[in-house]
Amino acid sequence: DLTSDKIVIHNSVSKKFHEVAGVYISQSEYLKKKYENRLIVLPCALKTYKGVLLFLEIAKQLQDYNFWLVTSNSEEETNDYFKNEIIPKNFKIMNEVKDMAKIYSSASLVMNLSIPHGIDRFIETFSMILIEAFEFKTPCIAPCYGGPLEIIENDLNGYLMEIENIHEVTEKIKSIFLNYEDYTKFCEKAYTRAEKFSPSTFLSKINETISKGQ
């Protein structure tokens, strides 16, 4: 029925993931270690429209930061993909990663670099990696199109940007790490935002929707 009211219930992380995140973020000096890591993470498949080469270029321009490309692809596939690329020392590729909790707990910043323009553009309908990062008090940078608009609160827990503008992206990354106090505010706001996508919120909305339909 096209005339009926529509109800949107966002995906949530699993209860187990939420609990694991809770253990990590309770560790001593958790945010201080993240801040000092200067570790930028891009979890994605080896697809150019996912911004893999953008990420590589950003790493080349920010030699004082560490970059991890975290992918489910095999080492063989990775070697083939990057066979014509020069990989800087601050750029690490992690293949077939199963335990993302360890990645998020170390990450200082998580990125989604899906390219929204061009022939092979890709508009995110929703981005679970942003929600997962927020569970670990990790701010994010993502395109100002599609799903990320529903997750990131610009300039509060991350940034929504024209991610193909590498200069602006690199400057924004540097601004995030200008001082520890502002960085921790970003992190805490990210965690606050994560509550909107928590398992308890998801179940509450499901029950509320069912009750209204009775």
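This one's a predicted model, so the numbers in the text were calculated from it and none came from an experiment.

**Q** Residues and numbers for the confidence of the model for the protein chain, please.
**A** When pLDDT is averaged along the protein chain, the result is 88; 86% of the residues meet or exceed 70. Every residue in residues 202-207 scores below 50 in pLDDT, and together they form six contacts with partners more than four places removed in sequence or on other chains.

**Q** Please give an account of the packing of helix 2 (residues 30-37) against helix 9 (residues 180-194) that cites residues and values.
**A** Where helix 2 meets helix 9, the closest approach of the two axes is 10 Å, and the angle between their N-to-C directions is 115 degrees. With respect to their mutual orientation, helix 2 and helix 9 come out roughly perpendicular. Judged by the twist between their axes, the crossing of helix 2 over helix 9 is right-handed. Taken together, the residues of helix 9 that come into contact with helix 2 (itself represented by Leu31, Lys32, Lys34 and Tyr35) are Tyr180, Tyr183, Thr184, Cys187 and Glu188. Per-class residue counts for the contact of helix 2 with helix 9 are five nonpolar, one polar and three charged.

**Q** Would you mind going over the sheet that holds strand 6 (residues 158-161) in detail, with residue names and values included?
**A** Overall, parallel pairing links the six strands, which are arranged 3-2-1-4-5-6 in an open sheet. The sheet is open, and its two edges are formed by strand 3 (91-95) and strand 6, each paired on a single side. When the angles between neighbouring strand axes are averaged without regard to direction, this sheet yields 20 degrees. Each of strand 1 (39-43), strand 4 (109-111) and strand 5 (140-143) is contacted by helix 6 (residues 128-135), which is oriented at about 165 degrees to strand 5, the strand it contacts most. Sheet strands touched by helix 8 (residues 166-176): strand 1, strand 4, strand 5 and strand 6. Its angle to strand 6, the strand with the most contacts, is close to 170 degrees.

**Q** An account of the packing of aromatic side chains is requested, with residue identities and associated values reported.
**A** Taken as a whole, this structure holds 14 aromatic pairs when the rule is applied. Between tyrosine 24 and phenylalanine 136, the ring centres sit 5.7 Å apart and the planes meet at 55 degrees, which makes this aromatic pair tilted. Here tyrosine 24 is found in helix 1 (residues 15-25), whereas its partner phenylalanine 136 is found in the loop between helix 6 and strand 5, with 112 residues between them in sequence. With relative accessibility at 17%, the residue tyrosine 24 sits in the buried group. Ring geometry for phenylalanine 82 versus phenylalanine 91: centroids 6.2 Å apart, planes at 65 degrees, classification edge-to-face. Feature note: the residues Tyr35, Tyr65, Phe177, Tyr180 and Tyr183 constitute an aromatic cluster, connected by ring pairs. Looking at arginine 38, its charged tip hangs above the ring of tyrosine 35, at a distance of 4.4 Å from the centre. Sitting over the ring of tyrosine 159, lysine 172 keeps its end group 4.4 Å from the ring centre.

**Q** Describe in detail helix 2, supporting the description with residues and values.
**A** Every buried residue of helix 2 is listed here: Tyr30, Leu31, Lys34 and Tyr35. For helix 2, the angular spread of the buried residues around the axis is 130 degrees, confining them to a single face. Contact partners of the buried residues in helix 2: helix 1, helix 5 (100-106) and helix 9. Of the residues one or two after helix 2, arginine 38 is the one with positive phi, at around 50 degrees.

Reading the values: the criteria
Residues numbered from 1 in each chain as written. Predicted model: local features only at pLDDT ≥ 70, side-chain atom pairs only at ≥ 80, totals over all residues. Heavy atoms only, no water. pLDDT = per-residue confidence, 0-100. Contact = heavy atoms within 4.5 Å. Axes fitted to C-alpha atoms, helices over the stretch in contact; angles between N-to-C directions. Helix = DSSP H or I, 4+ residues; strand = E, 2+ residues; numbered from the N terminus. Parallel < 35°, antiparallel > 145°, perpendicular 65-115°, else oblique. Left-handed = near helix turned anticlockwise from the far one by under 90°. Nonpolar A, V, L, I, M, F, W, Y, C, P; charged D, E, K, R; others polar. Pairing = 2+ DSSP bridges. Phe/Tyr/Trp six-rings, centres within 6.5 Å; stacked < 30°, edge-to-face > 60°. Buried < 20%, exposed > 50% of the residue type's maximum accessible area, 1.4 Å probe, protein only. Lys NZ or Arg CZ within 6 Å of the ring centre and 35° of its normal. Arc of directions from axis to C-beta.

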